[in-house]
Structures are given as structure tokens and as C-alpha cells.
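These are the residues of each chain, in order.
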Amino acid sequence: MFPAILYSALTILIYMLGWFIAALIKKDNSIVDIAWGPGFVVIAAVNLLMSETWSGRQLLITVLIVIWAFRLAGHIIVRNRDRGEDFRYAKWREEWGKNVIIKTFINVFMLQGLFMLIIAYPIILVNCTAQKELNFLDLLGLAVWLTGFFFEAAGDYQLFKFKKDRSNKGKIMTSGLWKYTRHPNYFGEAASWWGIFLIALSAPYGLTAIISPLVITFLLLKVSGVPMLEQKYKDNPEFLEYAGKTSSFLPWPPRS
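Residues numbered from 1 in each chain as written. Predicted model: local features only at pLDDT ≥ 70, side-chain atom pairs only at ≥ 80, totals over all residues. Heavy atoms only, no water.

A. Spotlight on helix α3 (residues 56-80). The terminal C-alpha atoms of α3 lie 36 Å apart, and with 25 residues this matches the ideal 36 Å at 1.5 Å per residue to within 8%. The first or second residue beyond α3 is D82, which carries a positive phi of 65°. (Helix = DSSP H or I, 4+ residues; strand = E, 2+ residues; numbered from the N terminus. Expected span 1.5 Å × (residues − 1).)

B. Expanded view of the side chain of T181. Checked against the element boundaries, T181 lands in the loop between α7 (136-164) and α8 (184-200). By relative accessible area, which is 0% here, T181 ends up buried. A polar contact is formed between the side chain of T181 and the backbone oxygen of F249, at a distance of 2.7 Å. Ignoring any residue separated from it by four or fewer positions in sequence, one finds T181 in contact with Y242, T246, S247, S248, F249, L250 and P251. (Buried < 20%, exposed > 50% of the residue type's maximum accessible area, 1.4 Å probe, protein only. Polar contact = N/O pair within 3.5 Å; in protein donor to acceptor, adjacent residues only side chain to side chain. Contact = heavy atoms within 4.5 Å.)

C. How the structure looks around the packing of α7 against α8. Close contact between α7 and α8 brings their axes to 7 Å; oriented N to C, the two are set at 165°. Considering their axes alone, α7 and α8 lie roughly antiparallel with respect to each other. α8 is crossed by α7, and the crossing has left-handed handedness. Class assignment of the residues belonging to the contact of α7 with α8 gives a composition of 14 nonpolar, 7 polar and 4 charged. (Axes fitted to C-alpha atoms, helices over the stretch in contact; angles between N-to-C directions. Parallel < 35°, antiparallel > 145°, perpendicular 65-115°, else oblique. Left-handed = near helix turned anticlockwise from the far one by under 90°. Nonpolar A, V, L, I, M, F, W, Y, C, P; charged D, E, K, R; others polar.)

D. Region of the structure containing the pattern of salt bridges. Scanning all chains against the criterion turns up 6 salt bridges. Two residues, D138 and R57, come together in a salt bridge whose shortest N-O distance is 2.7 Å. Taken together, the positions of D138 in helix α7 and R57 in helix α3 put the pair 81 residues apart, joining distant regions of the chain. (Salt bridge = Lys/Arg side-chain N within 4 Å of Asp/Glu carboxyl O.)

E. Spotlight on the side chain of Q131. For Q131, the location among the structural elements is in the loop between α6 (121-127) and α7. A polar side-chain atom of Q131 sits 3.1 Å from a polar atom in the side chain of R57. Within the structure, the side chain of Q131 is placed 2.7 Å from the side chain of T129, a separation counted as a polar contact. If we ignore the near neighbours within four places in the chain, the residues touching Q131 are S55, R57, Q58, L125, V126, A203 and P204.

Structural data, given as C-alpha cells:
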């Protein structure tokens, strides 16, 4: 198991270094968001190629990661087209001043690489070890993953269509899945990784894979997801009214 983690760490280092150089050339650190999903595909592929056997569980978890990763990367590419650097990265660029290059390398690319390694742990665990046949936990994990994927993909699409309509400029999205949770895409992201954990649970030492969904859920709820985005709208009366009756994360009927 340790060699697999080591090879995965080295793979991520090389992968993120390449994206860091691209960001310097492009002068846009937000391209790291595009790199996020495909990075997991690279990790899955490296460990699958290192494995002696390709079991049903290994193929299942790899296929799900490929679908999730390229859907996410494609969405970000389309969403960010002609928008310039994301407001979060632009803000950090301004704050870091003359230290922007070294702080970008450490605080953006290497930090995301570290989180990528931690969150990818269930994939590494499954793809680098011999696996038994698929069972009920795999089906349950697939069901949870499909639920999460639906919320993430549908939520992203609904918001994209809403923002594309110029008449909605400055307005808050409150319909579709956004009627039941202020962040259906974040909820979907977390649910997808809980599904991956359930699939990994049948692997040797599978319970240790719980670190992955715990970390991604914490990041979304407390660090770079919900708090950072909602800070942007903290003085918006329409958003405050919306937040007063809509669940922040878990889908739930709106309060009257």
C-alpha cells in the first residue's frame, strides 16, 4: 500500500507542477480548478496499471471517477470561458504581491495536490490491492454516487442556464434543485465521494477510506466551498431572504 501512495504522490507532484507552469504562462491561477478532476483520473490510471488484476470493483471505481472528472472539467471550461481569473484567485494574487509565485505554488497547486492525494485514497486503496467480487456495498455505493452525480451535474447545469440569461444578471438562483438546497452542486460532490467510500469499504482496510469523504465534506462546508461563496453575497438582501428559508447543504423542502 505504501508504494502505491508514494507513486501517487510523485504523480501528483509532476502533474500539478505542469499545471503550475501553465498558470504562470497564462497568468491565470484558476486553471487549477480544471486540473482538479482529471488529476484523479491520472491517479486511478497509474494505480490500475500497477495492479496485477483488474477486478469489477477496480473497473467500477475507475469508470465512476472518469465520468465525474471529465464532466466537472468540461463544465468549468465552459463556465469560465472568456471570464478571466476567478475572483478568489485574483484576490489572492493581489494580497500576495511580490510573493505571488511562491505562494501560488505552495498555497494553490501543492495544497490542492495534497488534498487530491488524501481524497483519492479510496481509489488508490481499491486499484492497488486484490479485490473480491462486487457485493451489496458496491451497489449501495453506486446508488449514493449516482445521487450525488445527479445533484452536482444538474445543479451546475441549472445555474449555468440561469446565469446565461442576461435578464437574471444580479439575481439569485432559487428554482430547480436550488429551491431545496443553496448548494446542490456541493452536496452532490460530497455525496459522490461518500458513494466512492462505500465501494472502497469492501477492499482491504476499507474503513480507512472514510478519510476521503470526511475531508471533502469538511472543505466544502467549512473552508473553500459554502463559506467562501456565501461571503460574496453576505450583503445581498435577496440572498439573505433566500438563505433564511433554504437549507444550506442537505436538500430539504424550503421553510415558509
